[in-house]
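Descriptive analysis of the structure
Here are the chains, one letter per residue:
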Protein chains: 8
Amino acid sequence: MKVLIITGSDSDLSVMKEAAEVLEEFGVEYEMTISSAHRSPERTKELVEKAKRDGVKVIIAGAGMAAHLAGAVAADFPLPVIGVPLQSGILKGMDAFLSTIQMPPGVPVATVAINGAKNAGLLAVQILAISDKQLEQRLMDYKKKLANDIWKKSEKLRRITRA
Amino acid sequence: MKVLIITGSDSDLSVMKEAAEVLEEFGVEYEMTISSAHRSPERTKELVEKAKRDGVKVIIAGAGMAAHLAGAVAADFPLPVIGVPLQSGILKGMDAFLSTIQMPPGVPVATVAINGAKNAGLLAVQILAISDKQLEQRLMDYKKKLANDIWKKSEKLRRITRA
Amino acid sequence: MKVLIITGSDSDLSVMKEAAEVLEEFGVEYEMTISSAHRSPERTKELVEKAKRDGVKVIIAGAGMAAHLAGAVAADFPLPVIGVPLQSGILKGMDAFLSTIQMPPGVPVATVAINGAKNAGLLAVQILAISDKQLEQRLMDYKKKLANDIWKKSEKLRRITRA
Amino acid sequence: MKVLIITGSDSDLSVMKEAAEVLEEFGVEYEMTISSAHRSPERTKELVEKAKRDGVKVIIAGAGMAAHLAGAVAADFPLPVIGVPLQSGILKGMDAFLSTIQMPPGVPVATVAINGAKNAGLLAVQILAISDKQLEQRLMDYKKKLANDIWKKSEKLRRITRA
Amino acid sequence: MKVLIITGSDSDLSVMKEAAEVLEEFGVEYEMTISSAHRSPERTKELVEKAKRDGVKVIIAGAGMAAHLAGAVAADFPLPVIGVPLQSGILKGMDAFLSTIQMPPGVPVATVAINGAKNAGLLAVQILAISDKQLEQRLMDYKKKLANDIWKKSEKLRRITRA
Amino acid sequence: MKVLIITGSDSDLSVMKEAAEVLEEFGVEYEMTISSAHRSPERTKELVEKAKRDGVKVIIAGAGMAAHLAGAVAADFPLPVIGVPLQSGILKGMDAFLSTIQMPPGVPVATVAINGAKNAGLLAVQILAISDKQLEQRLMDYKKKLANDIWKKSEKLRRITRA
Amino acid sequence: MKVLIITGSDSDLSVMKEAAEVLEEFGVEYEMTISSAHRSPERTKELVEKAKRDGVKVIIAGAGMAAHLAGAVAADFPLPVIGVPLQSGILKGMDAFLSTIQMPPGVPVATVAINGAKNAGLLAVQILAISDKQLEQRLMDYKKKLANDIWKKSEKLRRITRA
Amino acid sequence: MKVLIITGSDSDLSVMKEAAEVLEEFGVEYEMTISSAHRSPERTKELVEKAKRDGVKVIIAGAGMAAHLAGAVAADFPLPVIGVPLQSGILKGMDAFLSTIQMPPGVPVATVAINGAKNAGLLAVQILAISDKQLEQRLMDYKKKLANDIWKKSEKLRRITRA
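Residues numbered from 1 in each chain as written. Chains lettered and ligands numbered in written order. Predicted model: local features only at pLDDT ≥ 70, side-chain atom pairs only at ≥ 80, totals over all residues. Heavy atoms only, no water.

1. Some details on the interface of chain A and chain H
Listed by partner, the interface residues are 41 residues for chain A and 41 residues for chain H. In this assembly, chain A packs against chain H so that about 3400 Å² is buried in total across both faces, 67% of it on carbon and sulfur atoms. In terms of surface lost to chain H, no three residues of chain A exceed A:Pro78, A:Pro108 and A:Ile130, which account for 20% of the buried area on that side. The tally of links from chain A across to chain H stands at 0 salt bridges. Summed over the shared surface of chain A and chain H, the result is 15 residue pairs in polar contact (both at pLDDT 80 or more). Broken down by element, the side of chain A that touches chain H gets its largest block of residues, 8 residues, from helix H5 (residues 117-129) of chain A. Across the side of chain A that touches chain H, the residue classes break down as 30 nonpolar, 6 polar and 5 charged. (Contact = heavy atoms within 4.5 Å. Buried area = accessible area lost by both parts, 1.4 Å probe. Salt bridge = Lys/Arg side-chain N within 4 Å of Asp/Glu carboxyl O. Polar contact = N/O pair within 3.5 Å; in protein donor to acceptor, adjacent residues only side chain to side chain. Helix = DSSP H or I, 4+ residues; strand = E, 2+ residues; numbered from the N terminus. Nonpolar A, V, L, I, M, F, W, Y, C, P; charged D, E, K, R; others polar.)

Here it is as structure tokens:
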């Protein structure tokens, strides 16, 4: 397993599974589980210890509100931790945003947009690609596909407006 | 020792010592130490375990930025945890504010104003006073003194403006 | 009665009753009533005076918008006051948030998250537990249950994803 | 006395005296005093009761942070209450802003800009002018002076840039 | 006519009519019309000139987004102008809020809460009451009714919870 | 004269003159004056009427706080109005920002960054350049100079770090 | 073709077509297409190069979230670029707002309100009108129509309230 | 060279050099240069093309205000891009924050705290460490040092307070 996805609550699975889908699309081994920094601190710690033993390269952690999960993981894990601030609760994720990204010097969390689980998956792929030429090639193909999709949509728009 | 004060960084001691001063003023035993949720997670955990063994009643935790310290302590400690969001960094404490208070259901942190270490100390005294009539009496005297100070200041203002 | 819950408006009862439910779950005596700092200031003052006479240990006050209720109570009550900023109105509770927590030195309000009535109830239990070993034990059991719930949910997720 | 100015703390006098200066400039009788909604709630209540007996027409209340002073006064006073949110503390007055203006239906506070004590004084004069033709005339003269000052400054700029 | 209500757009009438309802409840003569600071600047100016000639005492102006209406009126009108920031558009009224209240020294706008049209009406009544004892008495009765309503609701709650 | 610059207060001249400097650099005729939407509304109106008669093509308006100047000008002027929100006051220009840009449908203001007077000047040049090939060429040269300055600075950095 | 409208995503077409509708209403030739600064950077660059060759006078660019489209276009295009921050995503357009307007000195983007596509179209017309008297006349007629619409609505209100 | 650091302006070098210092401390080859997304778009594009040819593994991009640099780089670069929002300008970096992190699905930027250049350097090291056991070991040692520093500071505090 290369990537571990931890989500702070089962109510966030619908967003966080977008990270898993990207990893599957790129053929990257991963596991997805649930643990909370506040409600199951020991389980969180054990998951990180196991990830270290298992040779996990990247951990993706998604949480809402006072989103400490990514930070708690980054406190123990020496390799990259990607934080996904989730839009749960009344403040629409601004709380999770600041709780995830404003880490003190010495303990970074690579943060993506609010609910940006898809980009968290892609970032994990990009990180793995630094030592995997095949993955890097697929990322370049992915970029071409993104541009191509835009081109197709604008062609469609052109045909409609000229019709 | 009744109260443990943990501050996330030695640069925050000048603010957090106001909590200590209040406890001394009210004659409450306390200890003050430094530990970070992110840079010394194991030390933080050990401090909480020791506090439980020593019969500590209230923990006051002050931290800035992605202020996870109070939350990390509250994850392990069953009695009241008071969080002081600190104004370190560029966002002036709004990050610490939301990181401290927006805790998930099940794990409360009693949060005070940004840099509100003095009120954190007072809140700890109020909590101890629920089973200590002498402390409760001192809190009532303290309230009278607050009102009296205002009265003195307004008297002084009246003399100046009438002079 | 150990805890008094005051809610600023009957429209907030559906949120504030979560505090009451926690107190019932832990077997703590409480009373719940309605009073506004602005629309019924004398009633609010009388409720606090009666609470002092009755030996109430903790007051929980929930209000929205310019949420002065907790602060008005804390001005008169010497023991812990827990403030619950409520998400009524257009600013989604950020107004109630700042109005509740940014108290001046000398008059603390132990503030919880926006709409965090459940945690307000738990915090009241934690405060009472400092002199009630049985209550402290129940809080430790509650923490175990929180962790266990997470474990069950992640087990369920594991079975689904492996199926 | 027509206008009562209450300021929540002596540290705010330097801002709040701008309200007094406007009242003096327009020849309106006033008194200025200090009282806090949280630290001297009974004094605040007594000041309002005395103002009612003395026939005060407008109360100006200035406070910072969780600025409840204007709201507490408005809860008891039936005539206009003008609130001045003050820029004390770390949040630069945004807390005082929302705490002063977001009053519930039934209890208005006429709020001015952060630190807008001068405009609070002017608003009090405008209110008194609804039944005082002389005061209304002075307000119209004041408007002309404002426009004239701008004209003079732009003339000066024109002479400089053409020189 | 004592009070003129101007609303910036017909889409805001449903909110602004709450001001009119309060004035009717208190028996205050008023007129309500539509004019925009940006789309009909001349009409706005003429309305203010006419109001001055007709002896209008208070103008209430409600607008959303870059809400300049109250400010534009206050630039020309020497007596009290009450501004109601309206929650139209995407920023939920925070834009209207700051555009209405942050007036420069010399030109106050008495601002109420976002969508606070009811309180704008009440504030107009309070202003008129400074020289109308009957109106002042009705405001004192209104305060009693507010407190009484709270008492009734809490009685109802008490009966329910005890049932 | 092609461009009229209006600044709401003489205290803002130090920022607004950056717009004038750009116009001079590009050889565009302009005039700069002072007028306030709130303190000299008639002067503001007359300036716009005169600008229409004089064939002014673009008006740049800079103001702080409840910055209505650009909007008031745009209400009367049919050609482009550029708004510069200024950082005066306690809210650091966020109030001027929203007051300037959040204009209702039908009355646009071309808004630049807070204190962005230099870019306001450049935008005026760009607008004039749509029918002035020489000006367009100078703008293309200006772009090259911007890129060249960056290149020089990075060369300097390279020499330092390699030294 | 005088105006090029680029929208960052096909999901934003429903908002951005309001700009196109205004251009059609004023008889201005335009083209509308889709391109993203991040997903199709080369296409975006080519569109700008083609616009320069085709003599396009104004480019309108609308994008949401980290809205770089207008800035990326302005980096290459020497004539006016109008930016429309779009309300896509969780932060309701505040991200797009700041990403579009806070351009560095040297590269202005004429920014309109969030979702202000209609005003973007009008601003483009105003820019073209600086050298097109007929267009200027139509803009003056448009202003009259705006004022007239308000007058009609207030007449309707008057009839209703008097009925 | 493994890491390329691009800073948007020479005025940001004092902050961005902290990233360089971390890379040096961990013995990672890097180069640091200046380029702007808006003022030198072609240079930025060429730097990315050269980085791809040279086998650069991670690009760190720091910029302020409408901080498009990291996003512009990420549009072209298939491997990890780390964005550092810088606190230049009046909004203290909140603009750079949102402009850097709120990237659309498909193009992630690994964002760190405002001015978090040191953590950007560390994150680059962590990314390289996924295929470099020696670097991973150094990161584990670094974590121990962080914890040890805290311990030393708390020891010092203990000696002071006990003295």
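2. Things to note about the side chain of D:Asp76
Structurally, D:Asp76 is set in helix H3 (residues 69-76). Residue classification places D:Asp76 among the buried positions, given a relative accessible area of 12%. Not counting residues up to four positions away in its chain, the partners in contact with D:Asp76 are C:Pro41, D:Lys45, D:Val48, D:Lys52 and E:Lys143. (Buried < 20%, exposed > 50% of the residue type's maximum accessible area, 1.4 Å probe, protein only.)

3. Section: the pairing of strand S3 (residues 58-64) of chain D
All names here are of chain D. The buried fraction of S3 amounts to 7 of the 7 residues, a majority that puts the element mostly inside the structure. On S3, burial covers both faces: Val58, Ile60, Gly62 and Gly64 on one face and Ile59, Ala61 and Ala63 on the other are all buried. With 5 bridges joining them, strand S1 (residues 3-7) and S3 adopt parallel strand pairing. The partner of Thr7 across the bridge, within S3, is Gly62. By the bridge criterion, 6 bridges tie S3 to strand S4 (residues 81-86) in an arrangement that is parallel. Looking at the pairing, Ile60 lines up with Ile82 of S4. In this fold, S3 hands off to H3, which returns the chain to S4; that crossover is right-handed. (Pairing = 2+ DSSP bridges. Right-handed = clockwise from strand over helix to strand, strands pointing away.)

4. What about the domain arrangement of chain A?
All names here are of chain A. Splitting chain A by domain gives domain 1 (3-131) and domain 2 (133-163). For domain 1 and domain 2, the distance between their C-alpha centres works out to 29 Å. With 11 residues of domain 1 at the contact, the number on the domain 2 side is 6 residues. Across the domain 1/domain 2 interface, buried area totals approximately 710 Å², and carbon plus sulfur atoms make up 72% of it. Considering only the surface of domain 1 that becomes buried against domain 2, Phe26, Leu122 and Ala129 emerge as the three largest contributors, covering 61% of it. Applying the counting rule to domain 1 against domain 2 returns 0 salt bridges. Taken together, domain 1 and domain 2 are joined by 1 residue pair in polar contact (both at pLDDT 80 or more). The greatest single-element share of the side of domain 1 that touches domain 2, amounting to 6 residues, is contributed by H5. (Domains from an automatic or database assignment.)

5. Focus: the relation of the copies chain B and chain D
For these two chains of identical sequence, chain B goes onto chain D by a turn of 90 degrees and a shift of 0.0 Å along the axis, with RMSD 0.0 Å. On the angle and the small slide along the axis, the relation comes out as a four-fold axis. (Least-squares fit on C-alpha atoms with pLDDT ≥ 70 in both.)

6. A short note on the packing of helix H1 (residues 13-25) of chain C against helix H5 (residues 117-129) of chain C
Residue and element names in this part refer to chain C. Running from amino to carboxyl end, H1 crosses H5 at an angle of 30 degrees, the nearest separation of the two axes being 7 Å. By crossing handedness, the relation of H1 to H5 is classed as right-handed. Across the interface between the two elements, Val15, Met16, Glu18, Ala19, Val22 and Leu23 of H1 pack against Ala117, Lys118, Gly121, Leu122, Ala124 and Val125 of H5. Partitioned by chemical class, the residues of the contact of H1 with H5 number 9 nonpolar, 1 polar and 2 charged. (Axes fitted to C-alpha atoms, helices over the stretch in contact; angles between N-to-C directions. Left-handed = near helix turned anticlockwise from the far one by under 90°.)

7. With respect to the packing of aromatic side chains
All names here are of chain B. Across all of its chains, the model carries 12 aromatic pairs over all chains by this definition. Judged by centre distance (5.7 Å) and plane angle (55 degrees), the ring pair of Phe26 and Tyr142 falls under tilted. Of this pair, Phe26 sits in the loop between helix H1 (13-25) and strand S2 (30-34) while Tyr142 sits in helix H6 (residues 133-162), and the two are 116 residues apart along the sequence. Residue Phe26 shares its accessibility class with Tyr142, and that shared class is buried. (Phe/Tyr/Trp six-rings, centres within 6.5 Å; stacked < 30°, edge-to-face > 60°.)

8. Thoughts on the relation of the copies chain A and chain H
Both copies of the chain are tied together by a single rotation about an axis and a shift running along it. Mapping chain A onto chain H calls for a screw motion: a turn of 180 degrees about the axis and a shift of 0.0 Å along it, with 0.0 Å RMSD after fitting. Look at the turn and shift together and you get a two-fold axis relating the two. A shared binding surface is used by both copies, with 100% of the interface residues of chain A retained as interface residues in chain H.

9. Some details on the interface of chain B and chain D
With 16 residues of chain B in contact, the opposing surface of chain D contributes 15 residues. Carbon and sulfur atoms supply 75% of the area buried between chain B and chain D, which totals about 1200 Å² over both sides. Considering only the side of chain B, the residues that lose the most area to chain D are B:Ile150, B:Lys153 and B:Leu157, jointly responsible for 42% of the buried surface there. Remark: the boundary between chain B and chain D carries 1 salt bridge. A salt bridge links B:Lys153 to D:Asp10; its shortest N-O distance comes to 3.6 Å. Going through the elements one at a time, helix H4 (94-101) and H6 of chain B are the ones with two or more residues in the side of chain B that touches chain D. No other element matches H6(B), which puts 9 residues into the side of chain B that touches chain D.

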